[in-house]
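Structure at a glance
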Amino acid sequence: MANKEEQIGAGQVIHTETFRDSVATIEQTGSRKWVYPKKPKGKFTNYRDIVTFILLAIFFITPFLKINGNAMLKINIIDREFFIFGQPFYPQDFFILALGAITSLVFIILFTVIFGRIFCGWICPQTIFMEGVFRKIEFWIEGDRNKQIRLASQPWNAEKIWKKGLKWSVYVVISLIITHWMFMYIVGVEDTLKIMKGGPVEYPTNFIVMVIFTGLFYFVFAWFREQVCTLVCPYGRLQGVLIDKETVNVFYDYKRGENRAKWRKGEDRKAEGKGDCIDCNQCVVVCPTGIDIRNGQQLECINCTMCIDACDEVMIKTGLPTGLIRYATEDEIEKEEKFKFTNRMKAYSLVLLALVGVLGYLLNNRGGLEAKFIKPAGSSFYVKDGKINNTYNYTLLNKTNDDKMVTIKVIKPTHGEVIFSGNSTIALKRDKITKGTVNVSFPEKEVNQPKLIVTFGVYDSKGKLLDTFETNFEGPFKLQF
């Protein structure tokens, strides 16, 4: 939606919402309106550059980090290998990952209700790569906004071919680098280097996938760009139903800025009924999504703060107070009150902390070992030396980063005996599944029903119970009189 100004009396302006038929980067005819943002500079830009540098460093360093010999982060869906902070996860742990996904969704919703789309402008990978990498390369090769517009409008001469060709070539190289690093998060550094060394002849499928993702990254950052945020991203659509008048967002102070008028040196703007906005359009030309923040809160706004820096620079030059565009709530603008951390915000923040705490507890207490005891298909009991015997196939999954020595016992009923074909102590390798077979026997006189519920216990070398598993023990059917 866009704001429509209505003149009420002398010098008073109110803003009313009207529906827009298209986003800022799409013409009414449906054609693409290319955005050439001006190179930003200012306090928030410097802060955002620091955040970008830190996040890019984390992205490029993390694949090489290992904790207890495991990758710090690895999401290999094909081979079902998952490592988060060096801890292995398995399909059996998917309920924790599902809870983590739900927690993340709730976190995003509550965070947006309080702080708006700060994530989009400061942390989102699309913004980090677009504004922190690809856009900077574009500024370096083609120059600032005016030079880019002139270059785009001129015919294909030597200058245009050289600059466009250089920019697109660098984009391809960066897209290749991003793709290879993404592969490191999936198959690991060692396998990625092996695929690179083997080439497309030895690894044709991997090569095709890499080409596809390289093309996708190139398409997004070289052409699609801000339309990821304005047309595709579901978070941007969700924002419209999450924010309210107490949500912190980038706002234009229309009470102070209107009526907007061009700057004249030495004039008394207040006496002439003019606002502080000098209608320089710097907040518009610097916007990476092509909107005019003065038209009110819009779905395309990613809260990147570029308009704040541009406006503050103009305010300083004209001697007017900064903050005409700033982080604020709608209530703060309308009621001219200072921002307050309301009880609702405090409650939401506590909920966020609680959710993170619950997830952290689940991750830390998921158990170091998982045991299963299953009777082989088609097997039955047999009687020998006055004892009834059942055979079980066991599967022991060591989820820890340490090798373990364990033994198996029957906890309930207490008279069960576990018979091993070899050593009674089982060696479990870290992050591995160990399989084997054991026999369990009970005195014949103690089995009075065809199925007896038994509980297995797996103990470490110090006698600590690591896991239990409940199953059935089969015996002969006996008539009861």
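Residues numbered from 1 in each chain as written. Predicted model: local features only at pLDDT ≥ 70, side-chain atom pairs only at ≥ 80, totals over all residues. Heavy atoms only, no water.

Here we look at the packing of helix α2 (residues 94-115) against helix α15 (residues 343-364)
- Close contact between α2 and α15 brings their axes to 10 Å; oriented N to C, the two are set at 165°. Looking at the two axes, α2 sits roughly antiparallel to α15. Where α2 crosses over α15, the handedness of that crossing is left-handed. Contact residues: Ile96, Leu99, Gly100, Thr103, Val106, Phe107, Leu110, Phe111, Val113 and Ile114 in α2; Arg344, Met345, Tyr348, Ser349, Val351, Leu352, Leu355, Val356, Leu359, Leu362 and Leu363 in α15. (Axes fitted to C-alpha atoms, helices over the stretch in contact; angles between N-to-C directions. Helix = DSSP H or I, 4+ residues; strand = E, 2+ residues; numbered from the N terminus. Parallel < 35°, antiparallel > 145°, perpendicular 65-115°, else oblique. Left-handed = near helix turned anticlockwise from the far one by under 90°. Contact = heavy atoms within 4.5 Å.)

A short note on the UniProt feature "transmembrane region" (unreviewed entry) in the chain
- What UniProt calls "transmembrane region" (unreviewed entry) maps, in this numbering, to residues 47-65, 94-120, 168-187, 207-224 and 345-363.
- Annotated as 100% helix and 0% strand, the span residues 168-187 places its first and last C-alpha atoms 28 Å apart. (UniProt positions renumbered as here; feature names shortened; annotations may be inferred.)

Thoughts on a nonpolar patch on the surface
- Together, Phe207, Ile208, Val211, Ile212, Phe213, Leu216, Phe219 and Trp223 line one region of the surface with nonpolar side chains, adding up to about 770 Å² of accessible area.
- In this fold, phenylalanine 213 is placed in helix α8 (residues 204-224). (Patch = residues over 30% accessible without salt bridge, like charges linked within 9 Å, V, L, I, M, F, W, Y side chains within 5 Å. Areas by Shrake-Rupley, 256 points an atom, 1.4 Å probe, with all protein chains shown as cover. Salt bridge = Lys/Arg side-chain N within 4 Å of Asp/Glu carboxyl O.)

Focus on the sheet that holds strand β13 (residues 404-412)
- Spatial strand order, β15-β13-β17-β18: four strands in an open sheet with antiparallel pairing. Looking at which strands have only one partner, the edges of the open sheet turn out to be β15 (426-428) and β18 (465-474). Strand-to-strand twist across the sheet, computed as the mean angle between neighbouring axes with direction ignored, equals 35°.
- Relative to strand β17 (residues 451-460), β13 runs antiparallel, the two sharing six bridges. (Pairing = 2+ DSSP bridges.)

A closer look at the environment of threonine 322
- Counting through the fold element by element, threonine 322 comes out in the loop between α13 (306-318) and β9 (325-328).
- Note on threonine 322: relative accessible area 42%, which makes it partly exposed.
- Counting along the chain gives 11 residues from threonine 322 to cysteine 311, while the straight-line C-alpha distance between them is 7.6 Å.
- In this structure threonine 322 touches Arg256, Asp312, Met315 and Ile316, once residues within four positions along its chain are discounted. (Buried < 20%, exposed > 50% of the residue type's maximum accessible area, 1.4 Å probe, protein only.)

A few points about unusual backbone geometry
- Going from glutamate 258 to asparagine 259, the amide bond is cis rather than trans, its omega being -5°.
- Assignment of secondary structure puts asparagine 259 in the loop between α11 (254-257) and α12 (282-285).
- With an omega dihedral of -15°, the bond running from lysine 412 to proline 413 counts as a cis peptide bond.
- Residue position: proline 413 is located in the loop between β13 and β14 (417-420).
- Even without glycine at this site, arginine 225 takes up a positive phi of about 50°.
- In this structure, arginine 225 sits in the loop between α8 and α9 (227-232).

A short note on the confidence of the model for the chain
- The pLDDT averaged across the chain works out to 85; a share of 94% of its residues lies at or above 70.
- The least confident element of the chain, judged by mean pLDDT, is strand β2 (residues 12-18) at 40; the most confident is helix α1 (residues 43-61) at 96.
- The low-confidence segment residues 1-21, where pLDDT is below 50, has 43 contacts with residues more than four positions distant or belonging to other chains. (pLDDT = per-residue confidence, 0-100.)

A look at the state of the cysteines
- Applying the stated criterion to the full structure yields zero disulfides.
- For cysteine 120, which is in no disulfide, the shortest distance to another cysteine sulfur is to cysteine 233 and amounts to 5.8 Å.
- Here cysteine 311 stays free of any disulfide, with the sulfur of cysteine 283 as its closest cysteine sulfur at 6.5 Å.
- Judged by its relative accessible area of 9%, cysteine 311 falls in the buried class. (Disulfide = S-S within 2.5 Å.)

Quick word on the packing of aromatic side chains
- With the rule as written, the count across this model stands at 21 aromatic pairs.
- Ring centres 5.0 Å apart and planes at 45° place the aromatic pair phenylalanine 111 and phenylalanine 115 in the tilted group. On the criterion of helical spacing, the pair formed by phenylalanine 111 and phenylalanine 115 is a turn pair, its members being four residues apart in helix α2.
- On the accessibility criterion, phenylalanine 111 (23% relative accessible area) is partly exposed.
- Judged by its relative accessible area of 23%, phenylalanine 115 falls in the partly exposed class.
- With a centroid separation of 5.1 Å and an interplanar angle of 75°, the aromatic rings of tyrosine 392 and phenylalanine 456 are classed as edge-to-face. One end of the pair, tyrosine 392, is in strand β12 (residues 387-398); the other, phenylalanine 456, is in strand β17, and 64 residues separate them in sequence.
- The class for tyrosine 392 is buried, based on a relative accessible area of 0%.
- By relative accessible area, which is 1% here, phenylalanine 456 ends up buried.
- Put simply, the rings of Phe59, Phe60, Phe64, Phe129, Phe134, Tyr171, Trp181, Tyr185 and Phe221 pair up and form one aromatic cluster.
- Sitting over the ring of tryptophan 223, arginine 32 keeps its end group 4.9 Å from the ring centre. (Phe/Tyr/Trp six-rings, centres within 6.5 Å; stacked < 30°, edge-to-face > 60°. Lys NZ or Arg CZ within 6 Å of the ring centre and 35° of its normal.)

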